[in-house]
Each structure stands twice: as structure tokens, then as C-alpha cells.
Amino acid sequence: MKDQLIIFDTTLRDGEQSPGASMTRDEKVRIARALERLKVNIIEAGFPAASVGDFEAVQAVANIIKDSTVCGLARALDKDIDRAGEALKGAAQSRIHTFIATSPIHMQMKLNMTPEQVIEHAVRAVKRARQYTDDVEFSPEDAGRSEEDFLCRILEAVIDAGATTLNIPDTVGYSIPQQFGATIANLIQRIPNSDKAIFSVHCHNDLGLAVANSLSAVMNGARQVECTINGLGERAGNASLEEVVMAVKTRQDVFDCQTRIDTREILTCSKLVSSITGFPVQPNKAIVGANAFAHESGIHQDGILKNRETYEIMRAEDVGWSANRMVLGKHSGRNAFKSRIVELGFEFGSEAELNEAFARFKQLADKKHEIFDEDLQMLISEASFEAEDEHIKLIALKACSETGETPCSTVTLRVDNAEVTGNAEGGGVVDATFKAIESVIQSNATLELYSVNNVTTGTDSQGEVTVRLEKAGRIVNGLGADTDIVTASAKAYINALNKLHSPEQRRHPQKSDV
Ligand code: KIV
Ligand code: ZN
């Protein structure tokens, strides 16, 4: 029997720390449900002490999820640990994850504490967390730049205090695989009570090495990997769950452990996280990118036709790709629509929600005859985006583009209950449309990102547009989809404006206080 490799997903906590990736409570619950279907062992749902919104999100996830352990992050402070303990009360299985920095630069410059004081705080935090749950994880933040002797001392002390998982974070993505793996092996070997805890790793991707470092750690005895869907996370992100899981599954000749992940759920999770956060997945992204299983060159195609293993090391269907299967069309009924949506892992909160989604489906089917799974996923994600706060709604759009003429656009919006029209010229029709919207709304927000992806293939595919806006330090991502990319762009821009308009539910966890 091989060991189990525990998959700890932190999309809802570290992933959310990506600028613009803030999620509402309901969005977190939807992703948590998808993660539970994926069979991740642990879902880190947030940082309860960071804000009331985050507390409530962790509480909601804890109350709903049954098959995965729900975890809350806490600095090594009594008040943080009490907040986490309270938020997790309703969980079937709960974990508190507490951390304090251990690198010389963090201890001196950020904490202004001596190493002895840091150990004291860590031990106290772990003991306090044990009053709420038997499952306590401790992380020495910036372990990648900490001294190994000091790590041994603090980790031995927290195991004695009751920590059951020791997570070694490469917080700033500084490590190199061989060296990081050796550190894990040394810690396990040098810490006298290391057999009483599971060693975990949490790698950031600043040098593009997060997955490589995580796998090297696994080869050296780590039995938990912290990761995120699509590699979302602070700065360059965290190790990507799908890459770690598929590497371990595909190379069972090399790894002496296995995960319990249902890999067929990977793609659904990836799309859900991408549409909720507004972070598109690059086409050449391993496992979940649109081109991950596309073979373009004739030599490759020929090889694949003769025997797929000539060029394929994994099967696309094993990670949830259904090869653009046409699933529904214009004549499909409500029941067929509902059952396909449920098969894709979505749940309708009410009959009204189902009716609303079905009406959207009919509109789409009028424009696009073949409706694929990807279209349905987009339709549901878009509906949930809009449901958030419909302060501004697109009523009509007319965009003109003619060779030799300046592109222009006229938009009619409903702003609260009043209908208003604006028009503008621009460098292109999308530019003109955004300017026309701004002529009405005057948000003064800065456009930080505009990207378009096709949802399926073909020129009748829906375009999926992401718009990132920044205003007074707040960053939001908006999403829109339509068979017409100018309309999709307008929807995405308005979606982002609606998010800016709604009160900020959550703030990013501040790790700098301790
Ligand atoms: O990167 C990091 O150090 C973290 C810790 C809180 C584990 O996210
Ligand atoms: Zn992190």
C-alpha cells in the first residue's frame, strides 16, 4: 500500500490574495462544493480574523462541507485563533492553521522579535488552537529563507505543543527543487519527534518552480502539498493543484504515494475558479489550458492516430475534457438543460434561478445552434456574476466599424431604475463602447486588463471577456460572455463596475502584523 499524499487546497485563501480575486461568501461556497467533489482532503476557506466577510465565508463553508476538512488561517495571536475556532464550529472536520515568520529578515524587520519570542508565540498559538480542534497545522512563514537549525528548534517545540501538521512554506518562491527537497529530508531526519506530525509544503511560483519544489519535497518525505486551482495565489501564484496531482498520478513509477483526487473533476473546478475570479487560464497551461491536449503538427497527429500513447502521456478525459461535445441545442427542453447542468456540478438555489438560467440558455441557443458543456459552464458563471449586484444593466448596444471611419458606439444602460444613453468614439469598437459606458457612469476607474478568449472553437463561439478595473486601490475583475465580443466586452466592463459599486465585502488578509 502506498502512502496517501494529502491535497490541501488554498484557492479560497492564498488564491484569493491575488489582486482582484476577492470572492464573496456565496462564490466561496460554490468553489468549496466543487473542491469537495474533486475530493481534496482539506479546504483552506479563508482567514477569519481578516474581516467579517471572511469570517462568514469560512463559517458558511464549514457548515456545508462534509467530506473535506475545512481549515481557517490564523496568525499566532490569541484573537486570530479564537476567531478561526469560532468560524469553524459547525464543521464536520476542522483544522486551524497558524503561522509566524521565522526567517532572520522577517523576525528582525517585520516582527521585531527575537527568535526566542517567536518560538514562545508559536507554542502558545498551537496550544490555544488545540483547545478548538485536534487538527492543528503550524507554518514557519518564509521557511525557504530561514535557518535550518532554527526551523528544527521551532518545529520540535510546536510538535510538543500539539501541532499535527508542519507546513514548510517557500513564501517568496526562492527555493530550488534539489535544495528544497534536501531541506525537507533534513528536517524529517533531524527533528527528534518528527514522526508525530505530517510534513507539508506550500510553494510560491516567483521563479516558476512551485510545482517542481513541491514534487521534490514529496520525493523527500512530505506527505501534504498545499496548492491552488490554476495556480492562483499571491504574486506569481502557488503550486497548481492540477499539475501536482497529475504528475503524481502519471509518474507512479517515481512517487511512492498517491492522492485520492477524482481527476475527472479537475476541468470543471478550473473553469469555475477562472470564471468566478475573472482570471483566464492561458491556452498553453498544463492540464487545463485549451491547447493542453491539442496536437497541431502533422507528425504528432499521425502518431496519435496510430497509437495515442505516441504523444499523449495522459488521457484528456481523465481530467474532465469532453472534446467540445455538442450536448444541447435550440430544441432541448428544461429537463435536459437542468440535468446536464447538474451533471456538470452546478446546483440551482431555487426554481426562479433555474428559470432564469433556462431563459438565458434559450437566448444563446437562438444565436448559436450547438451548445457545448463549456457554453453551459459560462452561462451559469455569468448568471452568478450578474446576480451579485445589478446596479448597472446593459439594455442595448450599437457599435459601428467601417473602413476609414472612426469607430463609435452607443450604449443604453439601466442605472438603478433610470434608463440612460451614452455615445462615444474610440480607437476601436471596444474602446468606443467602454468610453460610451464611462460617459454615463463616470467611474474614474482605471482599466488594468482586458482579455478575450473563445469559450469553444469556431467563429460562432462565445467570446469570454475579462476586464480588470482599479479605483482607489481596490481591484476588481469583471466577466462577460456573448457570441458578439463587443457585447461580451460591454457586459464584462459593466460587471466590473457593479463590483466596484458594491461595498467591499472583504479585505485581503494582512500578514504583516505578526
Ligand atoms: O506563503 C505563505 O507563507 C503563506 C503562509 C500563511 C502559509 O501563505
Ligand atoms: Zn502563501
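Before reading on, note that the structure itself is shown above.
Residues numbered from 1 in each chain as written. Chains lettered and ligands numbered in written order. Predicted model: local features only at pLDDT ≥ 70, side-chain atom pairs only at ≥ 80, totals over all residues. Heavy atoms only, no water.

Student: Help me out: how do you make sense of the packing of helix H5 (residues 115–130) against helix H6 (residues 148–161) in this one?
Tutor: For any two helices packed against each other, the geometry comes down to the angle between their axes and how far apart the axes lie. Here H5 crosses H6 at 25°, and the two axes come no closer than 9 Å. Here H5 is positioned roughly parallel relative to H6, judged by the angle of their axes. For the pair H5 and H6, the crossing hand works out as right-handed. Two secondary-structure elements touch here, H5 through Pro 115, Glu 116, Val 118, Ile 119, Ala 122, Val 123, Val 126, Lys 127 and Arg 130 and H6 through Phe 150, Arg 153, Ile 154, Ala 157, Val 158 and Ala 161. Here the contact of H5 with H6 is composed, by residue class, of 11 nonpolar, no polar and 4 charged. (Axes fitted to C-alpha atoms, helices over the stretch in contact; angles between N-to-C directions. Helix = DSSP H or I, 4+ residues; strand = E, 2+ residues; numbered from the N terminus. Parallel < 35°, antiparallel > 145°, perpendicular 65-115°, else oblique. Left-handed = near helix turned anticlockwise from the far one by under 90°. Contact = heavy atoms within 4.5 Å. Nonpolar A, V, L, I, M, F, W, Y, C, P; charged D, E, K, R; others polar.)

Student: Quick question: what am I supposed to make of the pairing of strand S3 (residues 42–46) here?
Tutor: Walk down a regular strand and you will see the side chains alternate between the two sheet faces. Most of S3 is tucked away: 5 of the 5 residues are buried. One ladder, built from 2 bridges, connects strand S2 (residues 6–9) with S3; its direction is parallel. Across the sheet, the residue bridging to Asp 9 is Ile 43, located in S3. Read from S2 through helix H1 (residues 25–38) to S3, the crossover connection turns out right-handed. Strand direction decides the pairing type here: S3 and strand S4 (residues 69–75), joined by 4 bridges, are parallel. Bridge pairing links Gly 46 to Gly 72 in S4. In this fold, the crossover linking S3 to S4 by way of helix H2 (residues 52–64) has right-handed handedness. (Buried < 20%, exposed > 50% of the residue type's maximum accessible area, 1.4 Å probe, protein only. Pairing = 2+ DSSP bridges. Right-handed = clockwise from strand over helix to strand, strands pointing away.)

Student: So what exactly am I meant to see when it comes to the packing of aromatic side chains here?
Tutor: We describe a pair of aromatic rings using the distance from one ring centre to the other and the angle between the two ring planes. One pass over the full model with this rule turns up 7 aromatic pairs. Here the aromatic residues Phe 337, Phe 348, Phe 358 and Phe 361 are joined through ring pairs into a cluster of three or more. When the ring centre of Phe 279 is taken as reference, the NZ or CZ atom of Arg 468 above it lies at 4.9 Å. (Phe/Tyr/Trp six-rings, centres within 6.5 Å; stacked < 30°, edge-to-face > 60°. Lys NZ or Arg CZ within 6 Å of the ring centre and 35° of its normal.)

Student: It is not clear to me how the pairing of strand S18 (residues 474–482) should be interpreted in this structure. Could you clarify?
Tutor: Counting buried positions along S18 gives 8 out of 9 residues, so the element sits mostly inside the fold. One ladder, built from 9 bridges, connects strand S17 (residues 463–471) with S18; its direction is antiparallel. Bridging across to S18, Gly 463 finds its partner in Asp 482. Where S17 folds back onto S18 in an antiparallel hairpin, the turn is made up of 2 residues, including Ala 472, whose phi is positive at roughly 45°.

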